[in-house]
Amino acid sequence: MDKTSLTALARQQLKLAATMSSGRSSQTVFGGHQRHLRQTVIALTSGHSLAEHDSPGEATILVLSGKLALICGEDSWKGSTGDMLIIPGARHSVEALEDVAFLLTVAK
């Protein structure tokens, strides 16, 4: 059994994101090509985003720290620490309203 502190990993990824010109950093915690489930901690510094992209299928965002907006066309949902958002099945983007770290869970 493996144990991972998502809080510590979120802090680490936020520090790395702050040093990147893209304002983002990520690390897969669980999963990979041979698994059906993938969980990745993603950090974005304030004002940066994940540009609009296709839906990965069944997926959720769990906000570990900070605030974000999940945008799908004319609709948007804000999430802050502790919130879980269901990713829509359409093209969408994620914007950091402040420095944010979140756990992206995708079922393939």
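- Looking at an unreviewed UniProt entry, the protein chain carries the name LuxR family transcriptional regulator, with the source organism given as Rhodococcus spongiicola.

## Looking at the sheet that holds strand 8 (residues 92-96)
Then comes step 1: Read from one edge of the open sheet, four strands run 3-8-5-6, paired in antiparallel fashion. The open sheet is flanked by strand 3 (49-53) and strand 6 (75-80), the only strands paired with a single partner. Strand-to-strand, the axes of this sheet are offset by a mean angle of 15°, without reference to chain direction.
Then comes step 2: Both strand 3 and strand 8 contribute to a ladder of three bridges, which runs antiparallel. Looking across to strand 8, one finds that Ser-49 is bridged to Glu-95.

## Considering the pairing of strand 6
Then comes step 1: Across six bridges, strand 5 (residues 67-72) lies against strand 6 in antiparallel orientation. Bridge pairing in strand 6 places Leu-70 opposite Trp-77.

## Some remarks on the environment of Thr-19
Then comes step 1: By the element assignment, Thr-19 lies in helix 1 (residues 6-19).
Then comes step 2: What makes Thr-19 exposed here is its relative accessible area of 60%.

## Some details on the side chain of Thr-105
Then comes step 1: Turning to its location among the elements, Thr-105 is positioned in strand 9 (residues 100-107).
Then comes step 2: If we ignore the near neighbours within four places in the chain, the residues touching Thr-105 are Leu-37, Arg-38, Gln-39, Glu-58, Ala-59 and Thr-60.

## Brief notes about the environment of Lys-3
Then comes step 1: In this fold, Lys-3 is placed in the segment before helix 1.
Then comes step 2: Along the chain, Lys-3 and Thr-105 lie 102 residues apart, while their C-alpha atoms are 17 Å from each other.

## Focus: the pattern of salt bridges
Then comes step 1: Under the definition given, this model contains two salt bridges.
Then comes step 2: The salt bridge partner of Arg-91 is Glu-52, with a shortest N-O separation of 3.3 Å. Of the two residues, Arg-91 is situated in the loop between strand 7 (84-86) and strand 8 and Glu-52 in strand 3; the sequence distance between them amounts to 39 residues.
Then comes step 3: When its relative accessible area of 39% is taken as the criterion, Arg-91 is described as partly exposed.
Then comes step 4: Residue Asp-54 pairs with Arg-91 through a salt bridge whose shortest N-O separation is 2.8 Å. Here Asp-54, found in the loop between strand 3 and strand 4 (59-65), pairs with Arg-91, found in the loop between strand 7 and strand 8; they are 37 residues apart in sequence, far enough to count as distant.
Then comes step 5: Linked by salt bridges that have partners in common, Glu-52, Asp-54 and Arg-91 make up one network.

Quick notes on the rules
- Residues numbered from 1 in each chain as written.
- Predicted model: local features only at pLDDT ≥ 70, side-chain atom pairs only at ≥ 80, totals over all residues.
- Heavy atoms only, no water.
- Pairing = 2+ DSSP bridges.
- Helix = DSSP H or I, 4+ residues; strand = E, 2+ residues; numbered from the N terminus.
- Axes fitted to C-alpha atoms, helices over the stretch in contact; angles between N-to-C directions.
- Buried < 20%, exposed > 50% of the residue type's maximum accessible area, 1.4 Å probe, protein only.
- Contact = heavy atoms within 4.5 Å.
- Salt bridge = Lys/Arg side-chain N within 4 Å of Asp/Glu carboxyl O.

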